[in-house]
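Structural features, examined
Chain residues, written in single-letter form:
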Amino acid sequence: MSREPQVRRVLVSGGSRGIGLRIAHAFHEEGNAVALLARDAEQLERAARSFGGDGQRMLTVAADVRSSQSVEAAVARTVEGLGGIDILVNTAAAPADQLVNRPIAEFDEDSLRAELETKTLGYLRTIKFVAPHFIAQRWGRIINIGGQSVRHTGSIAATVRNAAISALTKNVADELGSYSVTANVVHPGFTVTERTPELLEGIAVRTNSTVEEARKRLEATTSNRKLNTADDIAALVVFLASERGSVINGEALHAGGGVAGSIFSY
Ligand SMILES: NC(=O)c1ccc[n+]([C@@H]2O[C@H](COP(=O)([O-])OP(=O)(O)OC[C@H]3O[C@@H](n4cnc5c(N)ncnc54)[C@H](OP(=O)(O)O)[C@@H]3O)[C@@H](O)[C@H]2O)c1
């Protein structure tokens, strides 16, 4: 079995906060070099400071994944700054709780178009501009973050964008597999990030309950009876990106501590 090389170069779209930032930290803690991609330069600056001023193994790239030109420039800047690119992690998306769901008769087509522009085409764009580097070096890892709502009705946009990510991932895996490039999708369940306290407060208000009750209800939806943390997701992503993870390709991995009451494992 090949050993892990000392340093891999990792681009994380949506790396300025939440799950993406935690994934970037996990790679960095293992000695890798990371580039954080997001739109808001100030937030990127704050995220950069959380790496303790390590300008050697981290950089930020302000870019909008809705623009092909912007993504092409961001990948070029990453390759220039880190000396190449080995691992791409896509997380950039609008938060699911901001997706408005309406009955089909009132469905707003533009809202779905907007979601697909970021979470499906945005992922495809980063893959498109990173893939030539992976092919040239005959090694690469792509991990796309979807969402467990792919298995639930309730939000057409949330379901469709995550199902599209699964299909995209499998196509990429089949096309690039012969170059020792793997592509997998991780579908997290509800995951604790810095936004969670605010989210729980919102749920508590809407359901006329306390924050603790709202949290307990969410925990009860999982087999583990607890919520994922962004660290849990990061650990899985780092494994998939490792040499040891090479046998897993084109898969959709559900990472939510199990969906209580449903049988999805056959
Ligand atoms: N947290 C959960 O419970 C959960 C559960 C299941 C799945 N997920 C999925 O996991 C991923 C991360 O979720 P999160 O909760 O960590 O999200 P988050 O905290 O809202 O962070 C989203 C990141 O994406 C960036 N982003 C958004 N639109 C962008 C664009 N057009 N171009 C470039 N960057 C963009 C944001 O920065 P800017 O706004 O500055 O661009 C930010 O860095 C998403 O795909 C989400 O659907 C999350």
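Everything below is about the structure shown above.
Here the structure is a predicted model, which is why all the values come from computation and not from measurement.

**Remarks on the sheet that holds strand β5 (residues 140–145)**
One open sheet holds the seven strands; their spatial order is β3-β2-β1-β4-β5-β6-β9, and the pairing between them is parallel. Only two strands of the sheet have a single neighbouring strand rather than two, namely β3 (58–62) and β9 (252–255). Between one strand axis and the next, the sheet turns through 20° on average, direction left out of account. Looking at chain direction, β5 and strand β6 (residues 181–188) are connected through six bridges and run parallel. Bridge assignment links R141 to a residue of β6, and that residue is T182.

**Overview of the pairing of β6**
Counting buried residues along β6, eight of its eight residues qualify, which places the element largely inside the surrounding structure. Neither face of β6 is open: one carries V181, A183, V185 and H187, the other T182, N184, V186 and P188, and all of them are buried. Read from β5 through helix α6 (residues 156–176) to β6, the crossover connection turns out right-handed.

**Focus on the pairing of strand β4 (residues 87–90)**
Successive side chains on a regular strand alternate, one facing one side of the sheet and the next facing the other. On β4, burial covers both faces: I87 and V89 on one face and L88 and N90 on the other are all buried. In terms of strand pairing, strand β1 (residues 9–13) meets β4 through four bridges, oriented parallel. Of the residues in β4, the one forming a bridge with L11 is L88. Inspection of the sheet shows β4 paired to β5 by four bridges, in the parallel sense. Looking at the pairing, N90 lines up with N144 of β5.

**Regarding the nonpolar core**
It is characteristic of soluble globular proteins that their nonpolar side chains tend to be buried jointly. Ranked by size, the top nonpolar core spans 60 residues in total, and within it L11, F27, V89, I142, I145 and V237 carry the most contacts. Those residues within four positions of F27 in sequence are excluded, and the remaining contacts are V10, N32, V34, I87, V89, V237, V238 and A241. Judged by nonpolar contacts, the second largest core, of six residues, contains L200, A204, L218 and L227.

**With respect to helix α7 (residues 196–206)**
Along α7, the residues that are buried comprise T196, L199, L200, I203 and A204. Angular distribution of buried residues about the axis of α7 spans 135°; they occupy a single face of the element. Residues E198, V205 and R206 are exposed on α7 and point more than 90 degrees away from its buried face. Immediately downstream of α7, the backbone of N208 shows phi near 55°, a positive value.

**Some points on the pattern of salt bridges**
In this structure the tally under the stated criterion is 13 salt bridges. The salt bridge involving R161 is made with E115; its shortest N-O contact spans 3.0 Å. Separated by 46 residues along the polypeptide, R161 in helix α6 and E115 in helix α4 (residues 109–119) bring together distant segments of the chain. Using a relative accessible area of 3% as the deciding quantity, one classes R161 as buried. Take E115: its relative accessible area is 11%, and that puts it in the buried class. Here D174 ties to K170 by a salt bridge, and the two come within 3.1 Å at their closest N and O atoms. Of this pair, D174 and K170 are both found in helix α6, four residues apart, which corresponds to roughly one turn of the helix. A relative accessible area of 38% means that K170 is categorised as partly exposed. Among the ionic contacts, a cluster of salt bridges with common partners joins R22, E29 and D231.

**Remarks on the site of the ligand**
Surveying the vicinity of the ligand reveals 29 residues, the closest of which are S16, I19, R39, K119 and T191. A distance of 2.8 Å separates an oxygen atom of the ligand from a polar atom in the side chain of K119. At a separation of 3.3 Å, an oxygen atom of the ligand approaches a polar side-chain atom of Y123. Counting only elements with at least two residues in the shell around the ligand, the list comes to α1 (18–29), β2 (33–38) and α4. A per-class count over the shell around the ligand returns twelve nonpolar, nine polar and eight charged.

**Quick look at the packing of α4 against α6**
Put simply, α4 and α6 touch, their axes get as near as 10 Å, and they point 30° apart. Both α4 and α6 take part in a crossing whose hand is right-handed. On the side of α4, the interface is formed by L112, E115, L116 and K119, while α6 contributes A157, V160, R161, N162 and I165. Looking at side-chain class alone, the contact of α4 with α6 contains five nonpolar, one polar and three charged residues.

Rules used throughout
Residues numbered from 1 in each chain as written. Predicted model: local features only at pLDDT ≥ 70, side-chain atom pairs only at ≥ 80, totals over all residues. Heavy atoms only, no water. Pairing = 2+ DSSP bridges. Helix = DSSP H or I, 4+ residues; strand = E, 2+ residues; numbered from the N terminus. Axes fitted to C-alpha atoms, helices over the stretch in contact; angles between N-to-C directions. Buried < 20%, exposed > 50% of the residue type's maximum accessible area, 1.4 Å probe, protein only. Right-handed = clockwise from strand over helix to strand, strands pointing away. Core = buried A, V, L, I, M, F, W, Y, C linked by side-chain atoms within 4.5 Å. Contact = heavy atoms within 4.5 Å. Arc of directions from axis to C-beta. Salt bridge = Lys/Arg side-chain N within 4 Å of Asp/Glu carboxyl O. Near = heavy atom within 4 Å. Polar contact = N/O pair within 3.5 Å; in protein donor to acceptor, adjacent residues only side chain to side chain. Nonpolar A, V, L, I, M, F, W, Y, C, P; charged D, E, K, R; others polar. Left-handed = near helix turned anticlockwise from the far one by under 90°.

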